[in-house]
Amino acid sequence: RKEVEQDPGPFNVPEGATVAFNCTYSNSASQSFFWYRQDCRKEPKLLMSVYSSGNEDGRFTAQLNRASQYISLLIRDSKLSDSATYLCVVTSNFGNEKLTFGTGTRLTIIP
Amino acid sequence: DTGVSQNPRHKITKRGQNVTFRCDPISEHNRLYWYRQTLGQGPEFLTYFQNEAQLEKSRLLSDRFSAERPKGSFSTLEIQRTEQGDSAMYLCASSSATVGEQFFGPGTRLTVL
């Protein structure tokens with residue numbers, strides 16, 4: 001079983017729609033959680049950290065459920081520029097030395 | 001540009017040849033990481049340096065792979081006797097101990113023929 005599992009998609013959604021991604025992780029000792037964004041043939045970039053209390057950044061909301069070992073990302077009012085691969089990432093320590101990535105979920109926003 | 005840089009950006013080599021990649025981290029970052037990404041997968045951790053010390057190596061890093069960071073600044077990743085299975089994007093990232101966020105370079109795409 002992979003340490004971080006995501007639905008690879010692709011998700012094709014119309015502009016303006018709300019889209020949700022889910023991710024599960026197997027290591028209950030995982031300490032830190034993130035969503036990264038990766039554009040085609042580009043490097044991954046941090047989108048947002050994920051906390052148990054949930055956090056919001058503009059149109060993006062991330063949530064962590066430690067009991068279920070489940071992480072989510074919600075994108076509201078999707079834009080064409082949101083088209084990318086979204087990578088769920090966990091670390092086993094607060095120092096974040098080793099990022100463990102899921103396979104990524106590919107999102108395409110359709111005009 | 002003060003981000004992480006990697007050279008070369010692309011490398012095509014024949015099976016059995018040795019290749020070396022270079023990573024220049026963000027100047028004030030003391031941590032440096034190497035990851036490998038194959039098509040359709042997320043990046044996989046290879047190794048990590050704090051200053052010049054190599055603190056962790058993945059079991060993915062076989063004996064044919066070696067990484068160095070001799071002066072705690074730039075790093076090199078060498079692959080000896082390349083195999084077709086080594087074809088991938090090799091990503092370098094850096095971070096500071098205090099902030100923790102890893103910033104990735106553009107990667108070196110290796111193709112082994």
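Residues numbered from 1 in each chain as written. Chains lettered and ligands numbered in written order. Predicted model: local features only at pLDDT ≥ 70, side-chain atom pairs only at ≥ 80, totals over all residues. Heavy atoms only, no water.

Draft legend 1. Region of the structure containing the overall build of chain A. For chain A, the helix and strand inventory stands at zero helices and eleven strands. For 111 residues, the compact-globule formula gives about 13 Å, and the C-alpha radius of gyration of chain A, at 13 Å, lands near that figure. Once the C-alpha set of chain A is aligned to its principal axes, its extents read approximately 40 × 30 × 25 Å. Across the 111 residues of chain A, 45% fall into the buried class. When contacts within chain A are restricted to residue pairs at least 6 apart in sequence, those whose partners lie at least 24 apart make up 57%. Surface exposure of chain A reaches about 5,400 Å², of which carbon and sulfur atoms provide 49%. (Helix = DSSP H or I, 4+ residues; strand = E, 2+ residues; numbered from the N terminus. Rg over C-alpha atoms; globule rule 2.2 N^0.38 Å. Buried < 20%, exposed > 50% of the residue type's maximum accessible area, 1.4 Å probe, protein only. Contact = heavy atoms within 4.5 Å. Areas by Shrake-Rupley, 256 points an atom, 1.4 Å probe, with all protein chains shown as cover.)

Draft legend 2. Representation of the environment of S95(B) within the structure. Residue and element names in this part refer to chain B. When you line up the elements, S95 lands in strand β9 (residues 88-95). By relative accessible area, which is 0% here, S95 ends up buried. For S95 and L32, which are 63 residues apart along the polypeptide, the C-alpha to C-alpha distance reads 6.6 Å. Residues contacting S95, with those up to four places away along its chain left out, are H29, N30, R31, Y33, G100, E101 and Q102.

Draft legend 3. Molecular detail of the nonpolar core. Residue and element names in this part refer to chain A. One finds F21, W35, I71, L73, I75, Y86 and L107 to be the most contacted residues of the largest nonpolar core, which totals 22 residues. Mapped onto this core, the elements with two or more residues apiece are β3 (19-25), β4 (32-38), β5 (45-50), β7 (60-65), β8 (70-75), β9 (84-91) and β11 (105-110). Aside from chain neighbours lying at most four places away, what touches I75 is A17, T18, V19, F21, R59, F60, D82, Y86 and L107. (Core = buried A, V, L, I, M, F, W, Y, C linked by side-chain atoms within 4.5 Å.)

Draft legend 4. Up close: the interface of chain B and chain A. Opposite the 19 residues of chain B that make contact, chain A presents 16 residues. Carbon and sulfur atoms make up 50% of the surface buried where chain B meets chain A, a total of about 1,400 Å² over both sides. Summed over the three residues of chain B that lose the most area to chain A, namely P43(B), Q102(B) and F104(B), the buried surface amounts to 28% of that side. Taken together, the connections running from chain B to chain A amount to zero salt bridges. Linking chain B with chain A are three residue pairs in polar contact (both at pLDDT 80 or more), by the criterion used here. Put simply, the parts of the chain that give the side of chain B that touches chain A at least two residues each are β4 (31-37) and β5 (44-50) of chain B. A per-class count over the side of chain B that touches chain A returns eight nonpolar, seven polar and four charged. (Buried area = accessible area lost by both parts, 1.4 Å probe. Salt bridge = Lys/Arg side-chain N within 4 Å of Asp/Glu carboxyl O. Polar contact = N/O pair within 3.5 Å; in protein donor to acceptor, adjacent residues only side chain to side chain. Nonpolar A, V, L, I, M, F, W, Y, C, P; charged D, E, K, R; others polar.)

Draft legend 5. Fine view of the state of the cysteines. All names here are of chain B. This structure, assessed with the given rule, holds two disulfides over all chains. Paired by a disulfide, C23 and C92 hold their sulfur atoms 1.8 Å apart. A torsion of -65 degrees about the S-S bond marks the disulfide between C23 and C92 as left-handed. Residue C23 is located in strand β3 (residues 19-24), and its partner C92 is located in strand β9; the two are separated by 69 residues in the primary sequence. The class for C23 is buried, based on a relative accessible area of 0%. (Disulfide = S-S within 2.5 Å.)

Draft legend 6. Molecular detail of the sheet that holds β3(B). Residue and element names in this part refer to chain B. If you walk across this open sheet you meet the four strands as β1-β3-β8-β7, and the pairing is antiparallel. For this open sheet the edge positions go to β1 (5-7) and β7 (65-68), each flanked by a neighbour on one side alone. For this sheet, the mean inter-axis angle between neighbouring strands, taken without regard to orientation, is 15 degrees. Note that β3 and strand β8 (residues 75-79) share five bridges and pair antiparallel. Looking at the pairing, C23 lines up with S75 of β8. (Pairing = 2+ DSSP bridges. Axes fitted to C-alpha atoms, helices over the stretch in contact; angles between N-to-C directions.)

Draft legend 7. Molecular detail of the environment of G40(B). With respect to the secondary-structure elements, G40(B) resides in the loop between β4 and β5. Separated by 19 residues in sequence, G40(B) and R59(B) place their C-alpha atoms 21 Å apart.

In short, geometric facts, not functional conclusions.
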